[in-house]
Amino acid sequence: MPEIDIDHLRGWIGRTREVEDFVTPRLVAEYRATLAPRLAPVASGEAPLALHWCLAPETPAAETLGPDGHAAKGGFLPPVPLPRRMWAGGEVETLAPLRVGDRVVRRETVADLAVKTGRTGTLCFVTVRHEYETPRGIAIRDRQDIVYREASRPGDAAPAQKPVPAGDEAAWSVEANPVLLFRYSAMTFNGHRFHYDHPYATQVEGYAGLVVHGPMQASLLLNLAASRLGRVPARFRYRGVAPMIAGSRFAVAGQREGEGFRAWTAIDGRVHMEAEAEA
């Protein structure tokens, strides 16, 4: 494993950038075609929930990409010398809806960086905070936790398995097939090869197959929570528990907890992402 210069990497804390995009009818149509009917109802003219993760994707030139299909490290994000990258979790605070036609400005800040040791070796967590602003003001505040991991090795321990809670209140069933993964990657201009390149996913990054997007799972969980609560959660926190491998159907389920909602994605009774929503 390459040596990690934590002090050098922490020099990226405080870096900012600003990007913008529009909530176009085409993007809304693509999003609905990909995730409907598993979307919460919204008022006429409003964008579906979690569409903000499809806005203003990074667009690095092809010749600048890293071997995993992402932008090469060392630009806005720190050059973490670990080869595998995933969404670890995050939080969404919804202040107002996005509307079709909105010009949206996203302000991003590298907020924190920490190195830890886990069951599979060294982990580096990078926290990025976002604000999404429309002409009416800040609509969404979002925290994204990115985890970088060591390369897989023969004999590595399998991810810990967490059983689903008893008494789920409702569930959607989604087929995690390559077309679904391709469509979500296309909407978000996500070049990470483990979502569509099976030999790369299995032979280079060491997964059992193509990996289902973390933000797509979080999008479904947020929509389920809003559907069952009857309103958009003021705060929504989510955490990846274990990578989800494509090739079968997965459940999007949850249950009320007081005034809030607890939700998870699962295959064969094992949780892959969990979330909690505050009304």
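Predicted model, so just to flag it, every value in this text is computed and none were measured. (Residues numbered from 1 in each chain as written. Predicted model: local features only at pLDDT ≥ 70, side-chain atom pairs only at ≥ 80, totals over all residues. Heavy atoms only, no water.)

### Quick word on the packing of helix α3 (residues 178–188) against helix α5 (residues 214–229)
Move 1: It is the contact of α3 with α5, at a shortest axis distance of 10 Å, that shows an interaxial angle of 95°. Comparing their axes, α5 and α3 come out roughly perpendicular. Listed contacts from α5 to L180, L181 and Y184 of α3 are P215, M216 and S219.
Move 2: Across the contact of α3 with α5, the residue classes tally to 5 nonpolar, 1 polar and no charged. (Axes fitted to C-alpha atoms, helices over the stretch in contact; angles between N-to-C directions. Helix = DSSP H or I, 4+ residues; strand = E, 2+ residues; numbered from the N terminus. Parallel < 35°, antiparallel > 145°, perpendicular 65-115°, else oblique. Contact = heavy atoms within 4.5 Å. Nonpolar A, V, L, I, M, F, W, Y, C, P; charged D, E, K, R; others polar.)

### A word on the pairing of strand β4 (residues 121–134)
One face of the sheet, then the other: side chains in a regular strand alternate in exactly this way.
Move 1: Of all 14 residues in β4, 10 are buried; the element is thus mostly enclosed.
Move 2: Where strand β3 (residues 103–118) and β4 come together, 13 bridges link them in antiparallel fashion. Within β4, the position partnered with V105 by the bridge is E133.
Move 3: For β4 and strand β5 (residues 137–149), the ladder comprises 12 bridges, and the chain directions are antiparallel. Residue pairing for β5: H130 is matched across the bridge by D142. (Buried < 20%, exposed > 50% of the residue type's maximum accessible area, 1.4 Å probe, protein only. Pairing = 2+ DSSP bridges.)

### Details of helix α2 (residues 25–35)
Move 1: For α2, every residue scored as buried is listed here: L27, V28, Y31, T34 and L35. Projected down its long axis, α2 carries its buried residues within an arc of 130°, all on one side. Exposed and oriented more than 90 degrees from the buried face of α2 are P25 and R26.
Move 2: Tucked inside the fold, the buried residues of α2 contact α3 and α5. (Arc of directions from axis to C-beta.)

### Remarks on the pattern of salt bridges
Move 1: This structure, assessed with the given rule, holds 24 salt bridges.
Move 2: Between E91 and R235 there is a salt bridge, with the nearest N and O atoms lying 2.8 Å from each other. Here E91, found in strand β2 (residues 84–94), pairs with R235, found in strand β7 (residues 235–240); they are 144 residues apart in sequence, far enough to count as distant.
Move 3: Accessibility expressed as a relative area gives 14% for E91, which makes it buried.
Move 4: The residue E93 makes a salt bridge to R235 at a minimum N-O spacing of 3.7 Å. Taken together, the residues span a long stretch of sequence, with E93 in strand β2 and R235 in strand β7 at a distance of 142 residues.
Move 5: Relative accessible area serves as the criterion here: at 18%, E93 is assigned to the buried category.
Move 6: R235 sits in the partly exposed class, given a relative accessible area of 31%. (Salt bridge = Lys/Arg side-chain N within 4 Å of Asp/Glu carboxyl O.)

### A word on the environment of G75
Move 1: Along the chain, G75 turns up in the loop between α2 and β2.
Move 2: Between the alpha carbons of G75 and W12 there is a distance of 9.3 Å; along the sequence they are 63 residues apart.
Move 3: Setting aside chain neighbours within four positions, we find G75 in contact with W12 and R15.

### Topic: the UniProt feature "domain: FAS1-like dehydratase" (unreviewed entry) in the chain
Move 1: UniProt tags residues 51–142 as "domain: FAS1-like dehydratase" (unreviewed entry).
Move 2: Secondary structure over residues 51–142 splits into 0% helix and 51% strand, and the C-alpha atoms at its two ends are 12 Å apart. (UniProt positions renumbered as here; feature names shortened; annotations may be inferred.)

### Description of the packing of aromatic side chains
Move 1: Across all of its chains, the model carries 5 aromatic pairs by this definition.
Move 2: An angle of 75° between the planes, with centres 5.5 Å apart, marks the rings of F194 and Y207 as edge-to-face. Here the residue F194 occupies a position in the loop between α3 and α4 (198–204), and Y207 occupies one in the loop between α4 and α5, the gap between them amounting to 13 residues. Y207 carries the same exposure label as F194, and that label is buried. (Phe/Tyr/Trp six-rings, centres within 6.5 Å; stacked < 30°, edge-to-face > 60°.)

### Overview of the environment of V92
Move 1: Along the chain, V92 turns up in strand β2.
Move 2: Those residues within four positions of V92 in sequence are excluded, and the remaining contacts are H52, W53, I140, R141, D142, A234, R235, F236 and Y238.

### A look at unusual backbone geometry
Move 1: Between A36 and the following residue, P37, the backbone shows a cis peptide bond with an omega angle of 5°.
Move 2: Checked against the element boundaries, P37 lands in the loop between α2 and β2.
Move 3: For D268, which is not a glycine, the phi torsion comes out positive at approximately 50°.
Move 4: The topology assignment puts D268 in the loop between β9 (260–267) and β10 (270–278).
Move 5: Relative accessible area serves as the criterion here: at 78%, D268 is assigned to the exposed category.

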